[in-house]
Each structure stands twice: as structure tokens, then as C-alpha cells.
There are 2 protein chains.
Amino acid sequence: MTAEPALTPGERLPLSRERVLRTAVAIADEDGIEAVTMRRVGDELGAEAMSLYHHVANKNDLLDGVVDLVAEEINDVVDGLDTSGPWQPVVRARILAARQVLLRHRWAPGLLATRSTLSPNVVTYHDRLVGLLHSGGFTYDLAHHALHALGSRALGFSQELFDPGAGASAGPLPAELAAAVPSLVAMLSEVAHDDPDSTLGWCDDQTEFEFGLDLLLDGLDRRRTLS
Amino acid sequence: MTAEPALTPGERLPLSRERVLRTAVAIADEDGIEAVTMRRVGDELGAEAMSLYHHVANKNDLLDGVVDLVAEEINDVVDGLDTSGPWQPVVRARILAARQVLLRHRWAPGLLATRSTLSPNVVTYHDRLVGLLHSGGFTYDLAHHALHALGSRALGFSQELFDPGAGASAGPLPAELAAAVPSLVAMLSEVAHDDPDSTLGWCDDQTEFEFGLDLLLDGLDRRRTLS
DNA sequence: ACCTGAACACCGTTCAAGT
DNA sequence: ACCTGAACACCGTTCAAGT
């Protein structure tokens, strides 16, 4: 994708940490994160798996680098946003922009969640967010609570454990299962009735994300004006 | 732990799906979820890894079963709670009780997040939650939004991508890194000053969980009274 | 029917050897 | 210095064979 210096046939670009990480991201985008193996990354670069170890310490380090690369992409996007005006629409727009980047890398949220060592670019992202909150009237104490309350939502995603819509799109439930979860059945039928268009996947992820986000941002603003 | 029929020495309890799953939970509690391999579970039961395949379809099925077992433990606990009175303290107590169960299985949240097939007991848990919300005055539409807004918090945990306290407990930051994240440094120093006792791990997970939970529950109650 | 041993395909990774 | 081939330890899983 990026321009490369011309090479005589048979010649190969030297490996580098950067190329290794970008290749890993490309593989994950194409075939999912589980397709990212040392052998596959090597193959894709025309090298042996073992050659990668000169540029990343091990697979864990590679995945840390991949996460950091995605976070860098997020920072590049959100750094260009307008930060003037009241804090709430500014923070809201920032988080929704981060979300757009993650939607280009569907595997990223799951990977983010498993990393133990923290990515410098993820830290930087949160630093800027705290800056916006503070200059928007938050005490640092409230900004701190806000980071925890937002959790992964600060970066634009929320881990859904249970998608109520999964059952709906799979058609009517077996009678015995329906009897076991009467409230969900009642909820499903009413919501489906309200919105008959969305027959499949009637939970709109974006709408639900924004609902939850606004719930939190509204609540935080209320606490801000109380302090 | 549970009473077993007496066996003559050398005799062995027959395997069963239940015993396989309970053994897997015990291993995860002891040594973490990554220690749960087919070979290890077999060993622990005095059987070969391959024998497990007569009771679980494959490792994925085993992990699904493990998740469902934990969710069953949660349901057993929350079903005993008092549900009289206003919805908010009832739901709050229910979620915090679920959280207590998950704190006994630290690996469970991470596993929950990776499962694609949904556990019957997780579905049941959410069914009861919707029931409480509805009888507490929620429309089914709002209850539906509430499930998405709560996300993993409904079950008592929140995936933290970034623990601001991790840096604090690791001692003072290197100067160049501190300069790169000025807002976090300012936040850290102010919050640490407010609460000088908690020198290590100054983010109280339980306090932060409850702060975020109450933010959401308060917001939901406000929308409830508006509708 | 339930369980087993050997084997297979696939990992991440080590290491000595090449250039 | 960077890269490689063979090898090792560990997975999940298949399969034919035992009882």
C-alpha cells in the first residue's frame, strides 16, 4: 500500500519491526486475529518465522505492537478533531471517531482486552481525554472516576456478553426455551413490534453504543456541576 | 468436595461431563485459564486427555460448559436475594452479588468475553434482570437499551483497558514519559494527594465499579420517569 | 459404552549454523 | 548483523484398537 523503493527482481525489502507489525495487522483484518501466527506473518513477508525474532521479542511482543499500532491510528484520527466548545460534544465526537477506527479492525477490541502490558498510544489517548475533561470543568478526581466508568467505551467499544438480538434473528425460539425466558420473549416481541423493519439483527450496535455513552456522559456532567 | 460413593482402592469414578467441567473450573481457579488443557484436565481426573471427548465435543464445548457453570453459580446466588422494593437497589444488589461470584473466579470475565455461543445460564440471568426492570417500571424498550448500556456490568464486571493506577504503583515515571502524558501525571498526583493511604494500587476496583454502575442506574431511572 | 495409546497437524520457540 | 533449517516441547484432535 505505501510506496516502496524499487527493487531488482528477487531482491527483498529487509524486515523491520514496523513491517512485521503492519503485516500482522493486514492478516488480522483479512482472516481474523487467530490467523496471525509467526509462520503466517513470516510467509507473508517471504521470510521464515524465525526471522521475525530479530524484530520482535516473541509473539506476545508482536501482539503488543499490533495493539499499539491500532491505538496510534486512533490517535492520528482524533488529534485532528476540533476541541473547542463544551466538553461533552467534544468528548463524544472523539470517542465516536475512535470507534470508527476500531470498526475497521473488528478483532482489535478482543485483542485490546487481553493485553496485560499497556500500550504507549493507549496511555496517550487517555491522557488527552483527561486533558479535555479537566479543561471542561472536571476535577482530576472526577476525571479519574470517569475513566473507570467509561472503561472500554472511552476507546469506542463495549464488550457485549449477551446480544438479545442473536435469538431474534435465529427465528422463533423452541417452546420450552421460550418458557424458560419469559421476560426476554416479551421484550423481544415488543421491541420487534416497535421497529418492524429490522428483522435481522434488530439491535443496532451504533445506536446502543451511543445510548450507553450518553447515559454515562450525561451522568458525569451532572456530577461535574455538583462538585 | 461433594460426597462421593465409597470406592475400593484402585477403582475410579466414571467420567462425566459434570466432573470434567468442575475439574476444569478447579484448575482455572488454581493456575489460571491457560492451564486448562485437555491433557491437564485428563491428568487431574486420572484419565487420558482423549477420554474427555466422550463427554465434551471438543475444547470449545468444554469452555462453553465452564462458562455456563460459573453463570449457574451466579444464578444460584442471586435467586436467593430479596426482590421487594424499588427496582434500583434490587438490581444494584443483584449485580454486586454476581460480581462477588466472579471475584472467586478471576479468569471468568476474560473467558466470558471470548465465548461466541451464548450460555443458557447467562441468558437466564439476563431474563430475570429484564423481569426486574420491567416490573420496576421500565418499558421493554428501555430495558433493552439498559442491557446494552450495562453490557458486562450487568454480570458484575467491567473490562478495564487502562488502569491509571498501574503507573502509580510502579513508582515515579521516567521524566520523558511523564512529559508525554502531562494530564495523567497531574491527575495521578492530585488523586494520590487526596487519598495518601492507598500507595499501591490506588484505584479501588470495587469503588470504581460501583461508581460506574450507579452512574448508569441513575441515568436509567431518569429515562424511566421520562417515558 | 467407555477408555486408551500412538500418531498427526499445528503451534511458539531454541539453537547452531550459515551469509 | 541478519536470516535460516532442523529440532523440541507443547497443543488439540483423529483413529484404530482395546475392554
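Each value, and the rule that gives it
- Residues numbered from 1 in each chain as written.
- Chains lettered and ligands numbered in written order.
- Predicted model: local features only at pLDDT ≥ 70, side-chain atom pairs only at ≥ 80, totals over all residues.
- Heavy atoms only, no water.
- Contact = heavy atoms within 4.5 Å.
- Buried area = accessible area lost by both parts, 1.4 Å probe.
- Salt bridge = Lys/Arg side-chain N within 4 Å of Asp/Glu carboxyl O.
- Helix = DSSP H or I, 4+ residues; strand = E, 2+ residues; numbered from the N terminus.
- Buried < 20%, exposed > 50% of the residue type's maximum accessible area, 1.4 Å probe, protein only.
- UniProt positions renumbered as here; feature names shortened; annotations may be inferred.
- Least-squares fit on C-alpha atoms with pLDDT ≥ 70 in both.
- Expected span 1.5 Å × (residues − 1).
- Polar contact = N/O pair within 3.5 Å; in protein donor to acceptor, adjacent residues only side chain to side chain.

Caption draft 1: Structural view of the interface of chain B and chain A. Between chain B and chain A, the contact holds 55 residues from the first and 56 residues from the second. Between chain B and chain A lies a buried interface of about 4,900 Å² when both sides are counted; carbon and sulfur atoms form 67% of it. Inspection of the chain B/chain A interface yields two salt bridges. The shortest N-O distance in the salt bridge between Arg223 of chain B and Asp218 of chain A comes to 2.8 Å. Those elements that provide at least two residues to the side of chain B that touches chain A are helix 5 (108–114), helix 6 (120–135), helix 7 (140–150), helix 10 (182–194) and helix 11 (205–226) of chain B.

Caption draft 2: Structural detail: the pattern of salt bridges. Considering all chains together, one arrives at 22 salt bridges over all chains under this definition. For the salt bridge of Asp61 of chain B with Arg17 of chain B, the shortest nitrogen-to-oxygen distance reads 2.8 Å. In this pair, Asp61 of chain B sits in helix 3 (residues 59–78) while Arg17 of chain B sits in helix 1 (residues 17–31), placing the two residues 44 residues apart along the sequence. Here Arg17 of chain B falls in the partly exposed class, since its relative accessible area comes to 34%. What you see here is one network of salt bridges that share partners, running through Asp31, Arg40 and Glu44 of chain A.

Caption draft 3: Layout of the UniProt feature "DNA-binding region" (unreviewed entry) in chain A. With numbering aligned to this structure, UniProt lists the feature "DNA-binding region" (unreviewed entry) at residues 37–56 of chain A. Across residues 37–56 of chain A, helical content stands at 35% and strand content at 0%; the span's end C-alpha atoms are separated by 13 Å.

Caption draft 4: Region of interest: the relation of the copies chain B and chain A. Superposing chain B onto chain A takes a rotation of 180 degrees combined with a translation of 0.0 Å along the rotation axis, leaving an RMSD of 0.0 Å. When the rotation and shift are considered jointly, the pair of chain copies conforms to a two-fold rotation axis. A share of 100% of interface residues in chain B that are also interface residues in chain A marks the association as one of identical surfaces.

Caption draft 5: Main features of the UniProt feature "domain: HTH tetR-type" (unreviewed entry) in chain A. Listed under "domain: HTH tetR-type" (unreviewed entry) in the UniProt record, and renumbered for this structure, are residues 14–74 of chain A. Along residues 14–74 of chain A one finds 62% helix and 0% strand; the C-alpha atoms at either end are 27 Å apart.

Caption draft 6: Quick look at the side chain of Asp127 of chain B. Mapped onto the secondary structure, Asp127 of chain B falls in helix 6. With relative accessibility at 1%, the residue Asp127 of chain B sits in the buried group. Not counting chain neighbours up to four residues away, the residues in contact with Asp127 of chain B comprise Ala180, Val181, Pro182, Ser183 and Leu184 of chain A.

Caption draft 7: Representation of helix 11 of chain B within the structure. For helix 11 of chain B, which comprises 22 residues, the first-to-last C-alpha distance of 32 Å matches the rise-based estimate of 32 Å (1.5 Å per residue) to within 8%. Of the residues making up helix 11 of chain B, those classed as buried are Glu208, Phe209, Phe211, Gly212, Leu213, Asp214, Leu215, Leu216, Leu217, Gly219 and Leu220 of chain B. Next to the buried residues of helix 11 of chain B lie helix 7 (140–150) and helix 11 (205–226) of chain A together with helix 4 (87–103) and helix 7 of chain B. Two or three places before Gln206 of chain B, at the start of helix 11 of chain B, stands the capping residue Asp204 of chain B, its side-chain oxygen 2.9 Å from that residue's backbone nitrogen.

Caption draft 8: Just the side chain of Thr23 of chain A, in detail. Residue and element names in this part refer to chain A. Topologically, Thr23 is positioned in helix 1 (residues 17–31). According to the relative accessible area criterion, Thr23 is buried, its value standing at 13%. Setting aside its immediate chain neighbours within four residues, Thr23 contacts Val41, Glu44 and Leu45.

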